[in-house]
Amino acid sequence: MDLNTVIARVLETPAREARKMIAVVGAPGAGKSTISAPLMAGLAKAGARAAVIPMDGYHLDDRILGPRGDLPRKGAPHTYDVGGFRAMIDRVARGDTVYIPVFDRSREIAIAGAEEIGADIDTVVVEGNYLLLQDGDWAGIKDRWDISLFLDVPEEVLEHRLMARWRDLGMSEDQARTKVAGNDLINMRTVLDRSAPADITVPNGG
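Position numbers for residues count from 1 along each chain, tracking the sequence in the order it is written. In keeping with the model being predicted, local features are shown solely for residues with a pLDDT of at least 70 and side-chain atom pairs are shown and tallied solely at 80 or more, while totals for entire chains, interfaces and linings include all residues. Side-chain descriptors were evaluated using all non-hydrogen atoms of the structure, hydrogens and water having been removed beforehand.

A.B. asks: Can you lay out the sheet that holds strand β2 (residues 50–54) for me, pointing to particular residues and giving the numbers?
C.D. replies: By the convention used here, strands pair only if DSSP detects at least 2 bridges between them. To qualify as a helix, a DSSP run of H or I must reach at least 4 residues; to qualify as a strand, a run of E must reach at least 2; elements of each kind are numbered from the N terminus. One open sheet holds the five strands; their spatial order is β2-β5-β1-β6-β7, and the pairing between them is parallel. The open sheet is flanked by β2 and β7 (200–203), the only strands paired with a single partner. Looking at each pair of strands side by side, their axes are set apart by 20° on average, direction ignored. Relative to strand β5 (residues 123–128), strand β1 (residues 20–25) runs parallel, the two being bridged by six bridges. By the bridge assignment for β5, Val25 is matched with Gly128. For this analysis, residues touch if any pair of their heavy atoms sits within 4.5 Å. Only the stretch in contact is used when fitting a helix axis, every axis being a line fitted to C-alpha atoms; angles between N-to-C directions are given from 0 to 180 degrees. Along the sheet face, helix α2 (residues 32–45) touches β1, β2, β5 and β6 (147–152) and points at about 170° away from the line of β5.

A.B. asks: Which residues make up the environment of Thr123, and what values go with them?
C.D. replies: Locating Thr123 in the fold gives a position in strand β5. In this structure the C-alpha to C-alpha distance between Thr123 and Val92, which are 31 residues apart in sequence, comes to 9.7 Å. Residues in contact with Thr123, not counting those within four places in the same chain, are Lys20, Ile22, Leu43, Ala48, Arg49, Ala50 and Ala51. Polar contacts here mean pairs of N or O atoms no more than 3.5 Å apart (in protein, one a potential hydrogen donor and the other a potential acceptor; neighbouring residues in sequence count only if both atoms are side-chain atoms). At 2.8 Å, the side chain of Thr123 forms a polar contact with the side chain of Asp122.

A.B. asks: Go over the pattern of salt bridges, please, and point to the residues and values.
C.D. replies: Criterion for a salt bridge: a side-chain nitrogen of Lys or Arg within 4 Å of a carboxyl oxygen of Asp or Glu. Applying the stated criterion across every chain, the model contains 16 salt bridges. Between Asp90 and Arg144 there is a salt bridge, and its shortest N-O distance comes to 2.9 Å. You can see Asp90 sitting in helix α4 (residues 82–93) and its partner Arg144 sitting in the loop between β5 and β6, a full 54 residues away along the chain. As a salt-bridge pair, Asp96 and Arg91 come within 3.5 Å of each other at their nearest N and O atoms. Each residue gets one of three labels from its accessible area relative to the maximum for its type: buried under 20%, exposed over 50%, partly exposed in between, using a 1.4 Å probe on protein chains only. With relative accessibility at 24%, the residue Asp96 sits in the partly exposed group. The structure contains a network of salt bridges with shared partners spanning Glu17, Asp90 and Arg144.

Below, the structure written as structure tokens:
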């Protein structure tokens, strides 16, 4: 399904609350951020007042994960502030002005209040790994979306992209391979095996 068809489907989907809530879901390396930007631009061109919210702003900080022994698994479902994320989604859906945190991957920190979802915004694209997850505290979030997109990428392509991501951030080949095998691919399997079906599947392996 091409992007124009996706945009048409999104535009014809009614909002259940004050804002239309769109989930863009996929495994690590699936291209969620890459797809979300043109999706938002296409919606804006069609007259929607759109914004993007990345789930990664709700990473728990290293100062919390380190003492817990969870730092090597940063990015796993249990290493997010799920309650805070869900409360933010509820506020956004009902039309509040909301200030959201944004994750800076180069420094591995979330910056609080880094972007504003203003009162003029009527359509919100939320992108993240676990937006359709059926486990634990995440399970209730999957019902918040008016429409959901899943990015379908072959596993070997995901692994290639993830290796490139960590090398680009300064890791050696061995460090990147350890990071990908010991965390990213585990999270990939979680997304692929334990997510609820999306409304639209979008191939993104090119």
